[in-house]
Amino acid sequence: MQTSHAMAEVPGPAPQALDYLNADYGIRSWLFTIDHKRIAILYLLMITIMFVVGGVFAAAVRLELLTPQGDAFEADTYNKLFTMHGIVMIFFFLIPSIPAVLGNFCLPLMIGARDLAFPRINLLSWYVYMVGAVFGTFAIVAGGVDTGWTFYTPYSTTASQTNVIPAVLAGFIVGFSTILTGLNFIVTVHKMRAPGMTWFRMPLFVWAIYATSLIQMLATPVLAITLLLLVLERGLHIGIFDPALGGDPVLFQHMFWFYSHPAVYIMILPSMGVVSEIVTCFSRKQIFGYTFVAFSSLGIAVIGFLVWGHHLFVSGQSAYAGMLFSLLSFLVAIPSAIKVFNWTATLYKGKISWDTPMLYVFGFIGLFTIGGLTGLFLAALGLDVHLTDTYFVVAHFHYIMVGGAIMGYLGGLHYWWPKITGRLYPEFWAKIAAVNIFIGFNLTFFPQFLLGYLGMPRRYHAYPEEFQVLNVLSTGGAPVLGVGYLLPMVYLIWSMRYGPRASANPWRATGLEWTTPSPPTTHNFEEVPVVTQDAYDYPAMEKKVA
C-alpha cells in the first residue's frame, strides 16, 4: 500500500481563459444550452433537490418507527410518506442520477466526441424530466398518494382516495426523459467515437452506460403503457386490472415488474461502471479481465429482463413459473459476481491510494456484495414465502440502491468533480463524509435484516414491542447517514468558489477526459483526438513517471 496522493497536493496550472462554465452568462444561456456539460449540471441541481425531498420523507418514516405505537402520524399519513419517498427517490433520483449527470458530462469526453449525437434532444430530456417533477410535486402538495411506489391494483384504481393520477403521470412523463437519454447515448457510442476508439478500447464506464441505455430503451416503454392503462382504468373504469370489471390484477404486476426489475439495473449498472474507473485508477493497474467486465454489463442487461417473476412468488403464478424465475434470478447474480471478483483481482498487489473516490468504492463493494447475497435469499422460493413483504426486502433493496447506487454516484461525483468544476474539494472533509455514510448506512439498514427475519412486515406504522430495540437502532442511524449526505453538499459548493484550482489530470488517470482542461472548453477538444492504446494502460504511465 502506498500513502494517499491527496488532490490538494497536485498543483494546478492557471485557468484557461474560456471554458464551458464562463463561455456565456445568464439564466437564459443555461435554460437554452445544448452543451452536454451544462445539461449535466442542470440535472445535478434538480436531482439533488429531489434527493433532499425524498430524504425528508424517509426521515419522517424513521421518526414514526421509533416507537411501537403509531404516535407520530396516522396510518393514512404514514402510507403517504413511504409512498412519496419511494416515488421521488426511484423515479426522480436513482434512475436519472448517474446517466443524466455523470453520463451526460463524461461520455462524450471519454469517447472523444464534441457533444452527444442529438444535443437538442438532450435538452428536451431535461425539460421532460422537469414536467414530470412538476406533476410529482403537485401530487405531494395536493395531499400525497398512498398506494406504495408500485401502484398495485386494484387498490390504486378503485379504493385509494389520494392523488394517484398525478403521481402516476409523473412517472409516465419522466419515463420519456429516460428514453430520450438512452437513445442519445446509444447513437453517440455507435457513431461518434474518436478515431482508434474501438469497442474494446472504450472505458468500462461507457460500456456500463451503453448497457443501461439498452434497458432504458427496451423496458421503459412497457412501464409507460402500464401506467397509462392504470390511469385509463382509474379515470374511465375500463376493465384491465380490476377483477370487478373483468380485469386481472396479477397482469399489472407482470407488466410493472417487467420494467421495474430491469430498472434496478438502470440504477446499479452505471455505478458499476464508475467503480471500474476508480478501482483501476487508484490501484495503478489495468483492470483485471476487461472483456469479462464489459460483457458482464451486457449480460446483466439481457438476463435482467428474464427475472421479473420473482416478485410474484406469492401472487398466484404457477409453481413451474416460480421455479423457472427462481433459477433465472440465481443466474443474474453471475455477471455481478464477475465484476466483484475482477475488481478484487485488480486491487490485488496494486499501489492503492486511499483517496475519497476509493473510499466510496470500498464501501460500494462491501455493501453491494451484502445486497447481492441477500438477493439470493429472496430468489429461493421457500425462503421468499417467509421473507416477502418484510423488512428483509427493505434492507436488501436499500443495500443495493443506497449502499450500491448512491455510493457509486458519490464516488463518481468526487472522482470527476475536478473535471466538472475545475476546483478541488477538501480531502479531509470528503473522507469524513465517506466514512460517516458507511457507518450511518449500516446502522440504519442492517437491523432491518434482523427485523425481517423475525417477521416484521413492511409498510406498517405500528408494530409489536419486541421489535423496538432494532427499530431504535435503525432510526438512530438515519441522522448519522443524513449528516454524511449533507457534508458533500456543503464542501462541494464551498469548493466551487474557494477550492484550489485543479490541473487537467489531478488523479494521473488514463482516458480522454483527462487530456482536456479542467473545466473543459465548450466543444471539449480543440482537435479530434486519435486513440492509439488500450484503456487503463497504467503500467506504461507509471514507467513514464519513473
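Our structure is the block above this text.
Residues numbered from 1 in each chain as written. Predicted model: local features only at pLDDT ≥ 70, side-chain atom pairs only at ≥ 80, totals over all residues. Heavy atoms only, no water.

**Some points on the overall build of the protein chain**
Okay, so step 1: In terms of regular secondary structure, the protein chain is built from 17 helices and zero strands.
Okay, so step 2: Viewed in the frame of its principal axes, the protein chain has a C-alpha envelope of about 70 × 45 × 45 Å.
Okay, so step 3: Looking at the 546 residues of the protein chain, the share that counts as buried comes to 58%.
Okay, so step 4: Look at the contacts in the protein chain between residues 6 or more apart in sequence, and 83% of them connect residues 24 or more apart. (Helix = DSSP H or I, 4+ residues; strand = E, 2+ residues; numbered from the N terminus. Buried < 20%, exposed > 50% of the residue type's maximum accessible area, 1.4 Å probe, protein only. Contact = heavy atoms within 4.5 Å.)

**Quick notes on a nonpolar patch on the surface**
Okay, so step 1: On the surface, Ile 27, Leu 31, Phe 32, Leu 124 and Tyr 127 cluster together into a nonpolar patch covering about 490 Å² of accessible area.
Okay, so step 2: Contributions of two or more residues to the nonpolar patch are made by α1 (27-31) and α4 (119-141).
Okay, so step 3: Locating Phe 32 in the fold gives a position in the loop between α1 and α2 (36-64).
Okay, so step 4: A relative accessible area of 53% places Phe 32 in the exposed class. (Patch = residues over 30% accessible without salt bridge, like charges linked within 9 Å, V, L, I, M, F, W, Y side chains within 5 Å. Areas by Shrake-Rupley, 256 points an atom, 1.4 Å probe, with all protein chains shown as cover. Salt bridge = Lys/Arg side-chain N within 4 Å of Asp/Glu carboxyl O.)

**Points about the pattern of salt bridges**
Okay, so step 1: One pass over the structure, following the stated rule, counts three salt bridges.
Okay, so step 2: A salt bridge links Lys 37 to Asp 35, with the nearest nitrogen and oxygen atoms 3.0 Å apart. Residue Lys 37 shares its accessibility class with Asp 35, and that shared class is buried.
Okay, so step 3: With a shortest N-O distance of 3.6 Å, Arg 201 and Asp 534 are connected by a salt bridge.

**With respect to the packing of aromatic side chains**
Okay, so step 1: Under the defined criterion, the tally for this structure stands at 42 aromatic pairs.
Okay, so step 2: Pairing Phe 258 with Trp 308 gives two aromatic rings, centres 5.3 Å apart and planes at 75°, and the pair type is edge-to-face. Highlighted residues: Phe 258 in helix α8 (residues 249-283) and Trp 308 in the loop between α9 (290-303) and α10 (319-331), separated in sequence by 50 residues.
Okay, so step 3: The ring of Phe 32 has Arg 28 lying over it, and the distance from NZ or CZ to the ring centre is 4.9 Å.
Okay, so step 4: Sitting over the ring of Trp 30, Arg 38 keeps its end group 4.1 Å from the ring centre. (Phe/Tyr/Trp six-rings, centres within 6.5 Å; stacked < 30°, edge-to-face > 60°. Lys NZ or Arg CZ within 6 Å of the ring centre and 35° of its normal.)

**Points about unusual backbone geometry**
Okay, so step 1: The omega angle of the peptide bond from Thr 153 to Pro 154 is 0°, so this bond is cis rather than trans.
Okay, so step 2: Note on placement: Pro 154 falls in the loop between α4 and α5 (155-159).
Okay, so step 3: Residues Ser 518 and Pro 519 are joined by a peptide bond in cis, for which omega reads -5°.
Okay, so step 4: Secondary-structure assignment places Pro 519 in the loop between α16 (468-498) and α17 (538-545).
Okay, so step 5: Positive phi values are uncommon outside glycine, yet Lys 349 reaches one of about 60°.
Okay, so step 6: Along the chain, Lys 349 falls in the loop between α11 (333-347) and α12 (356-379).
Okay, so step 7: One non-glycine residue, Asn 524, lies in positive phi territory at about 70°.

**A few points about the packing of helix α14 (residues 391-421) against α16**
Relative orientation and spacing of two packed helices are given, respectively, by the angle between their axes and the distance between those axes.
Okay, so step 1: For the pair α14 and α16, the least separation of the axes is 12 Å and the interaxial angle reads 10°. By the angle class used here, α14 and α16 are roughly parallel. Touching Val 402, Ile 406, Leu 410, Leu 413, His 414, Trp 417 and Thr 421 of α14 are Tyr 485, Pro 488, Tyr 491, Leu 492, Ser 495 and Met 496, all from α16.
Okay, so step 2: Residue composition of the contact of α14 with α16, by class: 10 nonpolar, three polar and no charged. (Axes fitted to C-alpha atoms, helices over the stretch in contact; angles between N-to-C directions. Parallel < 35°, antiparallel > 145°, perpendicular 65-115°, else oblique. Nonpolar A, V, L, I, M, F, W, Y, C, P; charged D, E, K, R; others polar.)

**Section: the side chain of Asn 122**
Okay, so step 1: On the secondary structure map, Asn 122 appears in helix α4.
Okay, so step 2: You can call Asn 122 buried: its relative accessible area is 2%.
Okay, so step 3: Among all residues touching Asn 122, those that are not within four sequence positions of it are His 36, Ile 39, Asn 104, Leu 116 and Asn 184.

**Here we look at α14**
Okay, so step 1: Remark: the principal bend of α14, roughly 45°, maps to Tyr 415, with a proline, Pro 418, within the next four residues.
Okay, so step 2: Immediately beyond the C-terminal end of α14, within one or two residues, lies Gly 422, with a positive phi of roughly 75°. (Bend = angle between axes of the 7 residues up to and from the residue.)

**Side note on α4**
Okay, so step 1: Between its first and last C-alpha, α4 extends 33 Å over 23 residues, near the 33 Å set by a 1.5 Å rise per residue.
Okay, so step 2: Listing the buried residues of α4 in full gives Pro 119, Asn 122, Leu 123, Ser 125, Trp 126, Val 128, Tyr 129, Gly 132, Ala 133, Gly 136 and Ala 139.
Okay, so step 3: The inward-facing, buried residues of α4 contact α1, α2, α3 (75-111) and α6 (164-191).
Okay, so step 4: Of the residues trailing α4, Gly 143 is marked for its positive phi of about 130°. (Expected span 1.5 Å × (residues − 1).)

So, to be careful, I would describe these as geometric facts and stop short of saying anything about function.
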